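# What the coordinates show
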Amino acid sequence: MATIEQEIQELKAARKAVILAHNYTRPEIQDIADFTGDSLELSRKAAECKAPVIVFCGVRFMAETAKILSPDSIVLHPNPASGCPMADMASPEEVRKYKDEHPDTLMIAYVNTTAATKSAVDICCTSGNAERVIASLPRDQKVMFLPDKDLGANIIHALNRPMELWNGYCPIHYNIPPQVIQDARAAHPGAEVLVHPECTPEVVALADQALSTGGMLKYIKESPATEFVIGTECGIIHKMQKENPTKKFYPLQPNPICVDMKKITLEDVRDCLKNLSNQVELSAEIIRDARKPIDKMLAM
Ligand code: 13P
Ligand code: SF4
């Protein structure tokens, strides 16, 4: 009898599909993917992808971004219940209201926003390019950064530049207390401490580096260090270990888990490929308007 992985490979070939997966998905999902990456790398892949079918294993806003960038492809999101709580903290109605009340303010949206919210903003960014995007703006330009107040505060600190911050946050990273980083340092004194910039500024101040998930993978490959404490969602350790078999990786205790990223299973991937189910549907208007801020980001 064929394994589920074999079934997926056969269906993928029959559909001429490409499977993209975020670095936080389950290890078995990363292993069947054609490409794994962070939000920026996955957006770039989706933009250049010519496949008629894209299976996007990540939370919903990421699958929506793939549809916006490849509108002629069928984009399948294997489990529609996999959402991002932070993305739901900035509704398009609230964002438009803020924009109407502050016409001089540029609205910069972290890519962790819904397609409808993206359609209401000026420029997008990811954790991989947020500093670059903000640094490119005139210093006296008024900016509202949404929805992640922690990523925003970390950028304000790094660039010494004022911005208004939306009151959103990632429940997984926001709930890592500074004490957990101190405990990890004490337990692994020789390790470098890498955290995600969605962590609070207090946590970032205790780390050696604050990097996107793709940035962490690149840093680890190039670093002479052999041990690392990983201050982000633990799913990424699978890829770190695969790419660096002689290096050691320690998750935080307690281990940060994004339950939404884990909702996508091999069965979901097989079933959506078999039935072409769970297609991402967006109106032509949303695709047109949400594409503008994403294109501006990709052009930078
Ligand atoms: P990256 O772009 O760094 O992969 O981050 C995505 C995300 O959702 C982090 O919580
Ligand atoms: Fe959203 Fe946080 Fe999960 Fe990333 S880790 S997808 S920001 S809830």
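Anything mentioned here points back to the structure above.
Below you will find a few notes about this structure. (Residues numbered from 1 in each chain as written. Chains lettered and ligands numbered in written order. Predicted model: local features only at pLDDT ≥ 70, side-chain atom pairs only at ≥ 80, totals over all residues. Heavy atoms only, no water.)

### Focus on the site of ligand 2
- The environment of ligand 2 is formed by Y24, V59, C84, P85, M86, N112, C170, I172, E198, C258 and M261.
- Of the residues belonging to the shell around ligand 2, the class tally is 9 nonpolar, 1 polar and 1 charged. (Near = heavy atom within 4 Å. Nonpolar A, V, L, I, M, F, W, Y, C, P; charged D, E, K, R; others polar.)

### A closer look at the site of ligand 1
- Contacts to ligand 1 come from H22, Y24, D38, S39, N112, S127, H173, H196, E198, S212 and T213.
- At a separation of 2.6 Å, an oxygen atom of ligand 1 approaches a polar side-chain atom of H22.
- H196 places a side-chain nitrogen or oxygen 2.8 Å from an oxygen atom of ligand 1.
- Coverage of ligand 1 by the protein chains reaches 96% of its 300 Å² of free accessible surface. (Polar contact = N/O pair within 3.5 Å; in protein donor to acceptor, adjacent residues only side chain to side chain. Areas by Shrake-Rupley, 256 points an atom, 1.4 Å probe, with all protein chains shown as cover.)

### Here's the deal with the sheet that holds strand 1 (residues 17–22)
- Pairing in this open sheet of 4 strands is parallel, and the strands run 2-1-3-4 from one edge to the other. Sheet topology places strand 2 (35–37) and strand 4 (74–76) at the edges, where each strand pairs with a single neighbour. On average, adjacent strands in this sheet sit at an angle of 20° to one another, irrespective of strand direction.
- Bridge count for strand 1 against strand 2 is 3 bridges, and the pairing is parallel. Counted as the bridge partner of L20 is F35 from strand 2. (Pairing = 2+ DSSP bridges. Helix = DSSP H or I, 4+ residues; strand = E, 2+ residues; numbered from the N terminus. Axes fitted to C-alpha atoms, helices over the stretch in contact; angles between N-to-C directions.)

### Describing the pattern of salt bridges
- Using the criterion set out here, one finds 16 salt bridges in the structure.
- The shortest N-O distance in the salt bridge between R26 and E28 comes to 3.8 Å.
- What makes R26 partly exposed here is its relative accessible area of 28%.
- E28 sits in the partly exposed class, given a relative accessible area of 29%.
- For K218, the salt bridge goes to E222, with nearest N and O atoms at 3.6 Å. In this pair, K218 and E222 both sit in helix 12 (residues 213–222), 4 residues apart, roughly one turn of the helix.
- Owing to a relative accessible area of 57%, E222 belongs among the exposed residues under this scheme. (Salt bridge = Lys/Arg side-chain N within 4 Å of Asp/Glu carboxyl O. Buried < 20%, exposed > 50% of the residue type's maximum accessible area, 1.4 Å probe, protein only.)

### So, the packing of helix 12 against helix 13 (residues 236–243)
- It is at 10 Å that the axes of helix 12 and helix 13 come closest, and there the two elements cross at 25°. Between helix 12 and helix 13, the angle is such that the two are roughly parallel. Helix-helix and strand crossings are classified by hand; for helix 12 and helix 13 the assignment is right-handed. Where helix 12 approaches helix 13, its residues T213, M216, L217, I220 and K221 are matched on the opposing element by I236, K239, M240 and E243. (Parallel < 35°, antiparallel > 145°, perpendicular 65-115°, else oblique. Left-handed = near helix turned anticlockwise from the far one by under 90°. Contact = heavy atoms within 4.5 Å.)

### What about the sheet that holds strand 10 (residues 209–210)?
- Reading across the sheet, the 4 strands line up as 10-9-11-12 and stay open at both edges, with parallel pairing between neighbours. Looking at which strands have only one partner, the edges of the open sheet turn out to be strand 10 and strand 12 (248–251).
- Summarising the sheet, strand 11 (residues 227–231) and strand 12 pair through 4 bridges and their orientation is parallel. Counted as the bridge partner of V229 is Y250 from strand 12.

### Considerations on the pairing of strand 11
- Extensive coverage of strand 11 is indicated by the burial of 4 of its 5 residues.
- Here strand 9 (residues 192–195) pairs with strand 11 via 4 bridges, running parallel. Pairing of L194 across the sheet is with I230, part of strand 11.
- Each parallel crossover has a hand, and for strand 11 linked through helix 13 to strand 12 it is right-handed. (Right-handed = clockwise from strand over helix to strand, strands pointing away.)

### Thoughts on the environment of L11
- By secondary structure assignment, the location of L11 is in helix 1 (residues 4–15).
- Relative accessible area serves as the criterion here: at 19%, L11 is assigned to the buried category.
- Sequence-wise, L11 and R270 are 259 residues apart; in three dimensions their C-alpha atoms are separated by 7.5 Å.
- Once residues within four sequence positions are removed from consideration, L11 is found in contact with R270, L273 and K274.

### Some thoughts on the packing of aromatic side chains
- In the structure shown here, the tally under the stated rule is 3 aromatic pairs.
- Seen from their ring centres, Y98 and W166 are 6.2 Å apart, and the 65° between their planes marks the pair as edge-to-face. With Y98 in helix 5 (residues 92–101) and W166 in the loop between strand 8 (164–165) and helix 9 (171–174), the pair connects residues that are 68 residues apart, well separated along the chain. In this structure, Y98 and W166 share a single accessibility class: buried.
- A centroid spacing of 4.5 Å and a plane angle of 40° characterise the contact between Y169 and Y174, whose relative ring orientation is tilted.
- Judged by its relative accessible area of 27%, Y169 is partly exposed. (Phe/Tyr/Trp six-rings, centres within 6.5 Å; stacked < 30°, edge-to-face > 60°.)

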